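Below are the chains, spelled out letter by letter.
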Amino acid sequence: MLPHFTPSREKSLSKESYGIETMEKGCVCVTGGTGYLASWMIKRLIEEGYLVNTTVRSNSGSMKDVSYLKALPGASERLKIFESDLSKPETFEAPIRGCIGVFHVAHPIDFVGNEPEEVLTERAIKGSLGILQACIDSKTVKKLVYTSSACAVVLNGIWSFLFHFQDNDRKSNTRVC
C-alpha cells in the first residue's frame, strides 16, 4: 500500500525549471499521481526519459505525502507535482500545458459513502471534460489515455476480474475480462 502524503505546488513548466537542457521524449501529464496505477506509471515514464507533470488532490481532507514520488530516481530533475481538483477542472490547465501526452488516471472516489453517487458521477464527468478541454487548449497534446475507476470493475462488492457476476437481465453468469 502506498503511503499518504502532502502535495507541493509547482507552477513553472519550462525546460529550465526541470534543470534539463533538452527534452528528448517530451513532457507528459499523469492525473491522480498518488494512486497505485499512476505512481507506477510515473516511475516508468521517468525511467524512460520523459518529463512528468502529475496532479494530486488539493482538498485538505485527502492530502497525502508525496515523498515517495519525489524519492523516485530522476524525480528531482523530471517530476513536477501540481495540486488539482476534479471539481475545478481549470486546475488541470497548468499541469497539461506544454505536454505531448496525458494519462487521465484520476477519478473521484468516496470509500466511506459520504457523497451520493450522482455527485461523484457529475464530478468525474465535469473533471474529465475539463481535462479534455485543457488538452485541446494546450495545442501540444497529441495523445490522451483515459482510464476508468476501480469502481467500474466492482459489481455487487465482488472484484469482477477475479470472479463471475450475475447478469440480472439475462439471469446468467458472465465472465468479465
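Conventions and cut-offs
- Residues numbered from 1 in each chain as written.
- Predicted model: local features only at pLDDT ≥ 70, side-chain atom pairs only at ≥ 80, totals over all residues.
- Heavy atoms only, no water.
- Helix = DSSP H or I, 4+ residues; strand = E, 2+ residues; numbered from the N terminus.
- Buried < 20%, exposed > 50% of the residue type's maximum accessible area, 1.4 Å probe, protein only.
- Contact = heavy atoms within 4.5 Å.
- Areas by Shrake-Rupley, 256 points an atom, 1.4 Å probe, with all protein chains shown as cover.
- Core = buried A, V, L, I, M, F, W, Y, C linked by side-chain atoms within 4.5 Å.
- Pairing = 2+ DSSP bridges.
- Axes fitted to C-alpha atoms, helices over the stretch in contact; angles between N-to-C directions.
- Patch = residues over 30% accessible without salt bridge, like charges linked within 9 Å, V, L, I, M, F, W, Y side chains within 5 Å.
- Salt bridge = Lys/Arg side-chain N within 4 Å of Asp/Glu carboxyl O.
- Disulfide = S-S within 2.5 Å.
- Polar contact = N/O pair within 3.5 Å; in protein donor to acceptor, adjacent residues only side chain to side chain.
- pLDDT = per-residue confidence, 0-100.

Undergrad: Quick one: what's the story with the overall build of the protein chain, residue by residue and with numbers?
TA: Looking only at helices and strands, one finds six helices and nine strands in the protein chain. Across the 177 residues in the protein chain, those meeting the buried criterion constitute 40%. For the protein chain, contacts bridging at least 24 residues in sequence account for 71% of all contacts bridging at least 6. Working note: accessible area of the protein chain is about 10700 Å², and carbon and sulfur atoms make up 56% of it.

Undergrad: Give me the lowdown on the nonpolar core, citing residues and values where you can.
TA: Ranked by internal contacts, the top residues of the largest apolar core, which has 17 residues, are Val-30, Ile-42, Ile-46, Val-52, Leu-69, Leu-72 and Leu-79. Among the elements of the structure, strand S1 (27–30), helix H2 (36–47), strand S2 (51–57), helix H3 (67–70) and strand S3 (79–84) are those that each provide at least two residues to this core. With five residues, the top contributor of residues to this core is H2. Residues within four places of Val-30 in sequence aside, it is in contact with Ala-38, Ile-42, Leu-45, Val-52, Asn-53, Thr-54, Thr-55, Phe-103 and Val-105. Listed in part, the 13 residues of the second largest apolar core include Leu-51, Phe-92, Ile-131 and Cys-135.

Undergrad: Tell me what's going on with the sheet that holds S1, and back it up with residues and numbers.
TA: Sheet architecture is open: five strands sit in the order S3-S2-S1-S4-S5, paired in parallel fashion. The strands lining the two open edges of the sheet, one partner per strand, are S3 and strand S5 (143–146). Between one strand axis and the next, the sheet turns through 15° on average, direction left out of account. The pairing of strand S4 (residues 101–104) with S5 spans four bridges and is classified as parallel. Bridge pairing links Phe-103 to Val-145 in S5. Strands S4 and S5 of the sheet are contacted by helix H6 (residues 117–138), whose axis makes an angle of about 175° with S4.

Undergrad: Give a detailed account of unusual backbone geometry, specifying residues and quantitative values.
TA: Residues other than glycine seldom take positive phi values, yet Lys-139 does so here, at roughly 60°. Within the secondary structure layout, Lys-139 lies in the loop between H6 and S5.

Undergrad: Summarise a nonpolar patch on the surface; cite the residues concerned and give the values.
TA: Together, Ile-125, Leu-129, Leu-132, Leu-144 and Tyr-146 make up a nonpolar patch on the protein surface, roughly 460 Å² of accessible area in all. Mapped onto the nonpolar patch, the elements with two or more residues apiece are H6 and S5. A total of three residues in the nonpolar patch trace back to one element, the largest contributor, which is H6. Mapped onto the elements, Tyr-146 comes out in strand S5.

Undergrad: How would you sum up the state of the cysteines? Please name residues and give values.
TA: Under the criterion given, the structure shown has zero disulfides. For the unlinked cysteine Cys-27, the closest cysteine sulfur is that of Cys-99, found at 3.7 Å. Cys-29 takes part in no disulfide bond, and the closest cysteine sulfur, belonging to Cys-99, lies 5.3 Å away.

Undergrad: Provide a residue-level description of the side chain of Thr-31, including the pertinent values.
TA: Relative to the elements of secondary structure, Thr-31 occurs in the loop between S1 and H2. Side chain to side chain, Thr-31 and His-104 meet in a polar contact 2.9 Å long. The residues contacting Thr-31, other than those within four sequence positions of it, are Ala-38, Thr-55, Phe-92, Phe-103, His-104, Val-105, Ala-106 and Ile-131.

Undergrad: Talk me through the confidence of the model for the protein chain; I want residue IDs and the actual numbers.
TA: The pLDDT averaged across the protein chain works out to 76; a share of 67% of its residues lies at or above 70. Ranking the helices and strands of the protein chain by mean pLDDT puts S1 first, with 97, and strand S9 (residues 172–175) last, with 42. For the stretch residues 1–15, pLDDT sits under 50, and the model shows 49 contacts to residues farther than four places along the chain or on other chains. Low pLDDT (under 50) marks residues 158–177, which in the prediction has 26 contacts with non-local residues, meaning those over four places away or in another chain.

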